[in-house]
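# Examination of the molecular architecture
Chain by chain, the residues run as shown.
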Amino acid sequence: MLSIKNLNVSVEGKPILNGLNLEVKDGEVHAIMGPNGSGKSTLASVIAGRDYFTIEQGEVTYMGKNLLEIPPEVRAKEGIFLGFQYPVEIPGVSMTNFMRTAINEKRKHQGLKPLSGAEFLKLMEEKKKLVKIESKLANRSVNEGFSGGEKKKNEIFQLALLEPKLAVLDETDSGLDIDALKVVANGVNMLKRKDNATILITHYQRLLDYVIPDVVHVLFDGKIVKSGGKELALELEEKGYNWITKET
Amino acid sequence: MPESNNISNQPEVFKNTLTELFENNYDQIMENSSGKIKSLRQKAFGIFKKNGFPGKKTENWRFTDLNHLFRNDFIIDFETKSQKVDISNIFTCDVYDLDTYCVTLINGWFAYNNSPLTKLKNGTIIGSLYKAMEIYPEIVEKYLGSIAKLNEPGFVPLNTAFMQDGLFIYVPDNVKVEKPVQVINIVDSQKPVFLQPRNLIITGKNSNLTLIHCDHTLTHNISFTNTVSEVIVDQNGYVDHYKVQNKGRNSSLITSLFFKQEKGSKLFNNAITLNGGFTRNQVDLLINGENCSANLNGLYLMDNNQHVDNQVFVDHKAFESLSNQLYKGILDDQASGVFSGKVLVRRDSQKSQAFQNNKNILLKDDAKVNTQPFLEIYADDVKCSHGATVGQLDPNAMFYLRSRGLSERTARQLLMYAFAGEVVNKISVEPLRENIIKLVEKRLKGELSICDQCILSCNSREPKFIQNIVD
């Protein structure tokens, strides 16, 4: 589904990703772990299509297409979803209006008829239950005045509504109490299908108690230095990132 | 028409032509005026003759160039008077639920179905100022010119000298006017016209009035309108005043709106400028009694070479009153904007609260805005704040929306609605709010043509007939 080859990315002349390789296949859950500053969030941004960095070298292919040539909104409509580390507050734009527009843009892209108001509300009710988001959050402006936990739950709510093919969750677990963490994990697990995939970017092993990854990668200094099964996360938790940095 | 007069060129020439015009048409201008109004006109004329027009060096006019106003051959019409027109042939209101007393000014003159001046059962009088000068001279004399400031250069004295017709509303004490009054100012002429409508609105003690003022042009011809309005809000009165401006790019509009609030009264003023080649809105509020509250809001959405200038002055002359200004603007292309907000809190106006905020979004590098929020405070126990921002649409918010599949265009529009919404959502008349929201959305999508008839009024694209009063 996603193939990244020898990706080199810099921000204002400073190299951030240095020859990163990653293969994600249908149905897989990948966890990418790494210390602060290793390039985790930049990787998420490259996949979603932000433009504050320069691609120096390498290629990113998604569903057989060169992803780097596609604008962010088209990536979203083709099934890519980024769960933001810091979801943006947008006063005056209602969640309902935002999500209805997003879903209908995607449906239009797929050649489907737009959802009517009633159909959309029904879908929203369904997904609210799934991610246990309170009704009042969905009625407010996008993320405005939400607590940290509410913002992260709101990302999962959007994930549930948009049903992406490839979800990249950028530290969606950080700053969450155990209940919110379960909601997030539960959301990811329930939305898992044979034909979609998830990349969990995380600093801690904690989330991986609830979402079992197929592959765990360690990102260090802009490249993946070690990959393994779920036991790699436990090993990391036990020995710390120093263990990896020494090894490399 | 016989009394049509061509006017041309440059401030000094323009001024001289106007003064000659005044002198030559003296009898006709004074026709309906009582002795007191005559002397008011003469005083105003004297001031205009002495001071002329403001120039680039005049404070409050530094960022607004007037020269284009003096370039054309304008026509001033003293002849038409109020006229009987079947207004339903020109307008039908397409706003469901918005039931208003609708009155129309065509080229500055009151147009009516039945009578130029109507007295409602509750004693409220609505109609033509020209006619009111004749029938209710005692009311007109008491209030006309009582709050409009003559000592500033230019347009207020000029209007006061020349004023002929306009809207007159008198609401007696203890009357709540249930339906909003809607006045539609239409400019429709085949030749360049210079219009000077004058409005006088008086609301009595414990009375209530909603007034919607719409400015429109129905032609692409050059026009210049210099309006002065005086609105008196007596004790414990409530006035909800709206100005919706959607004018052609060849139209120039200068409005000077004077409010006076007495003890315990409430005022809402909303100025929504959707289009207009050149628009200047001056709001001047005198808070003359304690425990008043005033909300002065403005929204301006400009593109191409349009220019908008909002001048707000609030004089806290009494203690324990509140004034709150929120002006927001989005400027595209080479559009330019000016905001100048001044609050004066006098020495004895303790416990006043005055807030001021002007926020601007510039969509292009060539768009510009000059903003000057300004507080002048002589009392020591007050709560005041002011602020101004000029910026672009938040790139983080843009990316967030796009990352969910919204096109750049849609994302941009959503953020602009949200920005404008802060002002529009304060509108308390619900059908009016809904319609203004729609109008703003249409405007921001680039779908609002200037000829689009106002939400509030007509749905026939071209007037079926309006007498060409200037031929």
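To keep things clear, this report deals only with the structure shown in the data block. On a predicted model such as this, the values are computed, not experimentally measured, just so you know.

## Some words on the overall build of chain A
For chain A, the count of helices and strands is nine helices and twelve strands. Against the globule reference of 18 Å for 248 residues, chain A gives a C-alpha radius of gyration of 18 Å, in line with a compact fold. In terms of its C-alpha atoms, chain A occupies a principal-axis envelope of roughly 55 × 40 × 35 Å. Across the 248 residues that make up chain A, the buried fraction comes to 56%. As displayed, chain A has an accessible area near 11100 Å², and 49% of this comes from carbon and sulfur atoms. Between the averaged position of the 34 positive side-chain charges in chain A and that of its 34 negative side-chain charges there is a distance of 5 Å.

## Let's talk about the layout of surface pockets
One water molecule sets the probe size; rolling that probe over the atoms shows where empty space is left. Residues and elements named next belong to chain B. There is about 550 Å³ of room inside the largest pocket. Lining the largest pocket are 25 residues; nearest its centre among them are Asn60, Glu152, Arg280, Gln282 and Gln311. No other element matches strand S17 (residues 278–287), which puts four residues into the lining of the largest pocket.

## Here's the deal with empty space enclosed by the protein
Residues and elements named next belong to chain B. Here the structure, examined in full by the defined rule, presents seven cavities of 30 Å³ or more. What lines the largest cavity is a set of 14 residues, and nearest its centre among them are Asp77, Gln164, Phe194, Leu195 and Gln196. Of the residues contributing to the lining of the largest cavity, the split by class is eight nonpolar, four polar and two charged.

## A short note on the interface of chain B and chain A
Taken together, the 18 residues of chain B in the interface contact 29 residues of chain A. Buried surface at the junction of chain B and chain A, summed over both partners, amounts to about 1900 Å²; 67% is from carbon and sulfur atoms. Among the residues chain B hides against chain A, the three largest losses belong to B:Phe399, B:Tyr400 and B:Arg404. Together they make up 42% of the total. There are two salt bridges connecting chain B and chain A. Between B:Arg402 and A:Glu73 there is a salt bridge; the shortest N-O distance is 2.8 Å. Applying the counting rule to chain B against chain A returns eight residue pairs in polar contact (both at pLDDT 80 or more). Counting only elements with at least two residues in the side of chain B that touches chain A, the list comes to helix H7 (395–402) and helix H8 (408–424) of chain B. If one sorts the elements of the side of chain B that touches chain A by residue count, H7(B) sits on top with seven residues. Residues that form the side of chain B that touches chain A fall into these classes: nine nonpolar, five polar and four charged.

## Quick word on the nonpolar core
Within the largest apolar cluster, 118 residues are counted, with the highest numbers of intra-cluster contacts made by A:Leu2, A:Ile47, A:Leu166 and A:Ile199. For this core, the element with the most residues is H8(B), which contributes ten residues. Look past the residues within four positions of A:Leu166 in its chain and what remains in contact with it is A:Met1, A:Leu2, A:Ile47, A:Tyr62, A:Gly79, A:Ile80, A:Phe81, A:Ala197 and A:Ile199. The next biggest cluster of nonpolar side chains, apart from the first, holds 48 residues, and it includes B:Phe22, B:Trp61, B:Leu129 and B:Val156.

## So, the sheet that holds strand S5 (residues 65–66) of chain A
Residues and elements named next belong to chain A. Taken together, four strands build an open sheet; the order of strands is S2-S1-S4-S5 and the sheet is antiparallel. Across the chains shown, the open sheet's two edge strands, defined by having one partner strand only, are strand S2 (14–24) and S5. For strand S1 (residues 2–11) and strand S4 (residues 54–62), the ladder comprises seven bridges, and the chain directions are antiparallel. Within S4, the position partnered with Lys5 by the bridge is Glu59. Helix H1 (residues 40–48) rests against S1, S2 and S4 of the sheet, and its axis sits at about 115° to S1.

## A closer look at the pattern of salt bridges
Overall, the coordinates contain 28 salt bridges over all chains when judged by the stated rule. A:Arg193 is paired through a salt bridge with A:Asp195; the nearest N and O atoms lie 2.9 Å apart. Residue B:Asp332 pairs with B:Lys364 through a salt bridge whose shortest N-O separation is 3.0 Å. Residue B:Asp332 is found in the loop between strand S20 (322–331) and strand S21 (336–345), and its partner B:Lys364 is found in the loop between strand S22 (353–362) and strand S23 (368–377); the two are separated by 32 residues along the sequence. Judged by its relative accessible area of 40%, B:Lys364 is partly exposed. Through salt bridges with shared partners, one network takes in B:Lys328, B:Lys359 and B:Glu422.

## Thoughts on the packing of aromatic side chains
All names here are of chain B. A complete count under the given rule lists 22 aromatic pairs over all chains for this structure. Aromatic side chains Phe14 and Phe53 sit 5.4 Å apart centroid to centroid with 10° between the ring planes, which places their arrangement in the stacked category. Pair noted here: Phe14 is in helix H1 (residues 11–24) and Phe53 is in the loop between helix H3 (35–51) and strand S2 (74–75), with a separation of 39 residues, a long-range link. On the basis of relative accessible area, Phe53 is assigned to the buried category, the value being 11%.

## Some remarks on the side chain of A:Glu105
Relative to the assigned elements, A:Glu105 resides in helix H3 (residues 95–109). Setting aside its immediate chain neighbours within four residues, A:Glu105 contacts A:Lys77, B:Gly405, B:Ser407 and B:Thr410.

## Some details on the sheet that holds strand S9 (residues 166–170) of chain A
Residue and element names in this part refer to chain A. Pairing in this open sheet of six strands is mixed, and the strands run S6-S9-S10-S3-S11-S12 from one edge to the other. Of all the strands in the sheet, just strand S6 (80–83) and strand S12 (223–228) have a single pairing partner and so form its edges. Strand after strand, the sheet turns through a mean of 20° between neighbouring axes, direction not considered. Each of strand S3 (29–33), S6, S9, strand S10 (197–202) and strand S11 (215–220) is contacted by H1, which is oriented at about 145° to S9, the strand it contacts most. Where helix H8 (residues 231–239) meets the sheet, it contacts S3, S11 and S12, and its direction lies at approximately 45° from that of S11.

## As for the side chain of B:Asp333
Residue and element names in this part refer to chain B. With respect to the element layout, Asp333 can be found in the loop between S20 and S21. Reaching out from Asp333, the side chain makes a polar contact with the backbone nitrogen of Asn304 at a distance of 2.9 Å. Setting aside chain neighbours within four positions, we find Asp333 in contact with Asp303, Asn304, Lys364, Asp366 and Ala367.

Reading the values: the criteria
- Residues numbered from 1 in each chain as written.
- Chains lettered and ligands numbered in written order.
- Predicted model: local features only at pLDDT ≥ 70, side-chain atom pairs only at ≥ 80, totals over all residues.
- Heavy atoms only, no water.
- Helix = DSSP H or I, 4+ residues; strand = E, 2+ residues; numbered from the N terminus.
- Rg over C-alpha atoms; globule rule 2.2 N^0.38 Å.
- Buried < 20%, exposed > 50% of the residue type's maximum accessible area, 1.4 Å probe, protein only.
- Areas by Shrake-Rupley, 256 points an atom, 1.4 Å probe, with all protein chains shown as cover.
- Lys, Arg positive; Asp, Glu negative; His and termini not counted.
- Charge placed at Lys NZ, Arg CZ, Asp CG, Glu CD.
- 1 Å grid on protein atoms, 1.4 Å probe; cavity = no way out; pocket = protein on both sides within 12 Å on 5 of 7 lines; lining within 4 Å.
- Points joined across faces, edges and corners; volume = space filled by probe spheres on them.
- Nonpolar A, V, L, I, M, F, W, Y, C, P; charged D, E, K, R; others polar.
- Contact = heavy atoms within 4.5 Å.
- Buried area = accessible area lost by both parts, 1.4 Å probe.
- Salt bridge = Lys/Arg side-chain N within 4 Å of Asp/Glu carboxyl O.
- Polar contact = N/O pair within 3.5 Å; in protein donor to acceptor, adjacent residues only side chain to side chain.
- Core = buried A, V, L, I, M, F, W, Y, C linked by side-chain atoms within 4.5 Å.
- Pairing = 2+ DSSP bridges.
- Axes fitted to C-alpha atoms, helices over the stretch in contact; angles between N-to-C directions.
- Phe/Tyr/Trp six-rings, centres within 6.5 Å; stacked < 30°, edge-to-face > 60°.

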